[in-house]
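# Analysis of the macromolecular model
Now for the letters of each chain:
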Protein chains: 2
Amino acid sequence: MSTITVDNINAKVREMQYAVRGAIVQRAGEIEDGLKADPSKYPFDKVVYCNIGNPQSLGQKPISFFRQVLALCDYPDLLLAPGIEKTFPEDVRKIAKDILDNTTGGTGAYSHSQGVAFMRKMVAAGISDRDGHPCDVNDLWLTDGASVGCHYLMKTLITDERDAVLTPIPQYPLYSACLALYGGTLLPYYLREEQGWALDVAELKSQTDKARGEGKNVRALVIINPGNPTGAALGLDNQKEIVQFCKDEGILLVADEVYQENVYAEGKSFTSFKKVVRDLGVDIPIVSLNSTSKGFFGECGRRGGYMEVCGIDKGVAEQLYKLSSVGLCSNLAGQIVMALVMKPPKEGDASYPLYKQEKDDILSSLKRRAVTLVNGLNALEGVSCQEAEGAMYAFPKIDLPAKFLKEAEGSGMAPDALYCMRLLEATGIVVVPGSGFGQVEGTWHFRTTFLPAEADIEGVVQKMTKFHGDFMDAYRN
Amino acid sequence: MSTITVDNINAKVREMQYAVRGAIVQRAGEIEDGLKADPSKYPFDKVVYCNIGNPQSLGQKPISFFRQVLALCDYPDLLLAPGIEKTFPEDVRKIAKDILDNTTGGTGAYSHSQGVAFMRKMVAAGISDRDGHPCDVNDLWLTDGASVGCHYLMKTLITDERDAVLTPIPQYPLYSACLALYGGTLLPYYLREEQGWALDVAELKSQTDKARGEGKNVRALVIINPGNPTGAALGLDNQKEIVQFCKDEGILLVADEVYQENVYAEGKSFTSFKKVVRDLGVDIPIVSLNSTSKGFFGECGRRGGYMEVCGIDKGVAEQLYKLSSVGLCSNLAGQIVMALVMKPPKEGDASYPLYKQEKDDILSSLKRRAVTLVNGLNALEGVSCQEAEGAMYAFPKIDLPAKFLKEAEGSGMAPDALYCMRLLEATGIVVVPGSGFGQVEGTWHFRTTFLPAEADIEGVVQKMTKFHGDFMDAYRN
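Residues numbered from 1 in each chain as written. Chains lettered and ligands numbered in written order. Predicted model: local features only at pLDDT ≥ 70, side-chain atom pairs only at ≥ 80, totals over all residues. Heavy atoms only, no water.

Bringing the overall build of chain A into the picture now. Tallying secondary structure elements over chain A gives 17 helices and 14 strands in all. Taken over the C-alpha trace, chain A has a radius of gyration of 23 Å; the compact-globule value for 477 residues is 23 Å, and the two agree within 12%. If you line up chain A on its principal axes, its C-alpha atoms span 70 × 65 × 60 Å. Looking at chain A as a whole, 62% of its 477 residues qualify as buried. (Helix = DSSP H or I, 4+ residues; strand = E, 2+ residues; numbered from the N terminus. Rg over C-alpha atoms; globule rule 2.2 N^0.38 Å. Buried < 20%, exposed > 50% of the residue type's maximum accessible area, 1.4 Å probe, protein only.)

All names here are of chain A. Taken together, the 7 strands give an open sheet; going across it, the order is 2-8-7-6-5-3-4, and neighbouring strands pair in mixed fashion. Of all strands in the sheet, those bounded by a partner on one side alone are strand 2 (140-143) and strand 4 (185-190). Averaged over all pairs of adjacent strands, the angle between strand axes in this sheet comes to 20°, irrespective of strand direction. Alignment of strand 3 (residues 163-169) against strand 5 (residues 217-224), held across 4 bridges, turns out to be parallel. Bridging from a neighbouring strand, Asp163 pairs with Asn217 of strand 5. Relative to the sheet, helix 10 (residues 236-249) contacts strand 3, strand 5 and strand 6 (252-256), its axis offset from that of strand 5 by approximately 165°. Here helix 12 (residues 314-326) sits on the sheet and contacts strand 2 and strand 8 (305-310); the angle it forms with strand 2, its principal contact strand, is near 20°. (Pairing = 2+ DSSP bridges. Axes fitted to C-alpha atoms, helices over the stretch in contact; angles between N-to-C directions. Contact = heavy atoms within 4.5 Å.)

A rotation about some axis, followed by a shift along it, carries one copy of the chain onto the other. For the pair chain A and chain B, the best superposition has an RMSD of 0.0 Å and corresponds to a rotation of 180° with a translation of 0.0 Å parallel to the axis. Both chain copies can therefore be described as sitting about a two-fold axis. The rotation axis passes nearest to the C-alpha of Ala71(A) in chain A, at a distance of 2.1 Å. Here 100% of the interface residues in chain A have copies in chain B that are interface residues too; the copies meet face to matching face. (Least-squares fit on C-alpha atoms with pLDDT ≥ 70 in both.)

Within the secondary structure, Ser351(B) is located in the loop between helix 13 (332-342) and helix 14 (352-378). Not counting residues within four places of it along the chain, the set of residues in contact with Ser351(B) comprises Phe65(B), Pro89(B), Asp91(B), Val92(B) and Pro345(B).

Taken together, the 90 residues of chain A in the interface contact 91 residues of chain B. When chain A packs against chain B, the two sides together hide about 7,200 Å² of surface, and 56% of this comes from carbon and sulfur. In terms of surface lost to chain B, no three residues of chain A exceed Ile4(A), Arg21(A) and Tyr110(A), which account for 11% of the buried area on that side. There are 2 salt bridges connecting chain A and chain B. Arg302(A) is the salt-bridge partner of Asp74(B), the closest N and O atoms lying 2.8 Å from each other. If you list the elements that add at least two residues to the side of chain A that touches chain B, you get helix 1 (11-15), helix 3 (64-74), helix 7 (147-157), helix 8 (174-182), strand 5, helix 10, helix 12 and helix 13 (332-342) of chain A. Considering each element in turn, the side of chain A that touches chain B owes the most residues, 8 residues, to helix 12 of chain A. In the side of chain A that touches chain B, the residues fall into 37 nonpolar, 35 polar and 18 charged. (Buried area = accessible area lost by both parts, 1.4 Å probe. Salt bridge = Lys/Arg side-chain N within 4 Å of Asp/Glu carboxyl O. Nonpolar A, V, L, I, M, F, W, Y, C, P; charged D, E, K, R; others polar.)

Printed below as a string of structure tokens:
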């Protein structure tokens, strides 16, 4: 007999953690149900999900252009409907028709395992425009979100705990989850919080040397730029050093660049690692991940993404092809939106004015909201928060009072998790404890998005301020 | 230094095979490119992909109802467009509005990791209508196709090669691929070809006993019903025996039921394993997989699917939730179509007449095409093919001449793979060798879909007939 229980399943699955949708989010769901049943049950009227970069769930409107093209691709009969030109601009109809003409079987058919060639060509053209360097369609895999590409890679690179991957701390827990799931070693490098979460290449080197001394095989370096959960955007000189490090050490560079369109800080801009590699003229293997879920548009529900794999051994690329083939292909609507994201309307196109207006409105609002949130957090007693230069997050440090740390010891929860749970119970605001991302031992953080609508973000700050003041009063020594 | 080559990656990835998109399909892609460059290069004018159940790629039209709802959900402004009621029937507008009202953030937002509650309720209602037994929304995971659910399960159940899964031979290679990838043991049970690919429960028992004697932990039994690649539909008595076997042996029943709407043979119908379990009143853990990709509608590019998990340990269900959370959620358009598939228009709805007509046309045509193909194959020298009672495939047996077997020995390919490659080069028809699915040693098969359009299927049969005749003439002893 072999009844399946949590004790006799794969221990790697059991041990894997993913805090972005962990215990606090599950509790938030219960509270939301409770509020529906009895609105007087909690001292707030709604749950505000700041745990995840999910802009449209908080009221952000989709970009019209993407959705118009999707509607025509999914229901091509609309192209023949009378009065169609009043609802769908000319360039929308043209690109939808081009997509349909170049997609055998339309959005209802499985595509090539790496994605429809036409959509990959659009993505390649966008990458080439961005970088000023060519992109080969055969290097592209269109994936259901960026996570899938990470799974393919980690599954391929990792045989057992001897295989190590340099991972930032704090990090987006997709990486720690994949490493746990596939049995590899997370080789941490700590970002320098006080220097705006800077990346110190000397630490990459010392960690690599140390790991190699212990017999580890350092297979890849993961960089998240702009940073998640830190919100930091790397400078170009830093990027060059990193590329040189990967070249010197023979380490695959995995660039998680899903926030490439989310850089807000003055004087900062995004440069892809592939451009840095090509500009330097070095020949190193590099993987870049992108997603429809992030950017200003935040098309999370689409599950679109791509993985660009350059300079890798041909035999390894064939293995990645095989892995993607077992799942047949990514969803076609996601492929279409990923292509449109990389080749959006340009000046002169009928859709351009509305597209530009929608884009500028969202980006300028995100910038204001980032400043509002970070300033609000920095005004709290014992809280310090680095500037959110990019991405969708702030990752403030909280100096938790000794009395609270003592109390947390008996709770079975990490102190920052307990703090986040209390914040949720008092305000309905859902954030993720720093322990879910990793942090310097003895420091405590949480990650919050700055995505609540402009009309709501002040309220979020006020609620956090009130909660934190009461909290500090209760636990001050 | 740690340059990544195919020799130093995870051996499990390297050893995994997935023939449905293997060497023959890659060769087909090259030929297709070659035809574009020079149409005179091959003795045929197009490549016909019979390697995969991908109906819309071969010209099948999508069901209007599904696509109309999708277009409105993706571009809700259409609901306000003038004249909308001429293009979108009343029930389409109503369900689209209901979906939007019950999906926070619409199709652009991440949903609950298991899928939007509203869509899960629709699926649960459809399952309950189908079986006459209730379905709990908490037991449902909406997934990007059915494959993802299989990955979650196998990853959870398998720690190493001591964990075995009873798998039919021949089987859909998703199962062998997952078992190879996660390092488990494929415990084969052979279907009885001469009895219409019947499943012999005595063999399940003897294989289980044998494996247990060797120290294996038999964790699950995979049943594909209707069968892939066999096309066979299980009888109710056989299903009852299987359920009893799982109960007696304490083995998880994994029912791959993605072809539940594709049963063509007179006197045959589909009964879900969950209904069998509930009707018998036994309490066993059971997982059922379904997909938008199959059925008569064949919405493959959607990547919609569900996994229903009943009677499983709560702690194990929490692990499945965690696994799905790391990928955040399945794509929303796929969730919507999965929900619509399970709750299609009903008599009296504005869309019903067109829906019914489209459905009946496809199903009756599939039935005719199945008969045409199977009869055509059975007319070939040395070929025998069981009736295609359901699914989308025929899996004929070919008695390959000794002279050809001898020639294949030196080719580096399995004899049936070499046969399929020759068929491709001569006719442009792409099929998958039996060795990709497993077969009794010394027998040879291939899998072909009967999905080419009605106007083309006769041509496919004629081309196969001509090729096979020439082939036999060349190799007859």
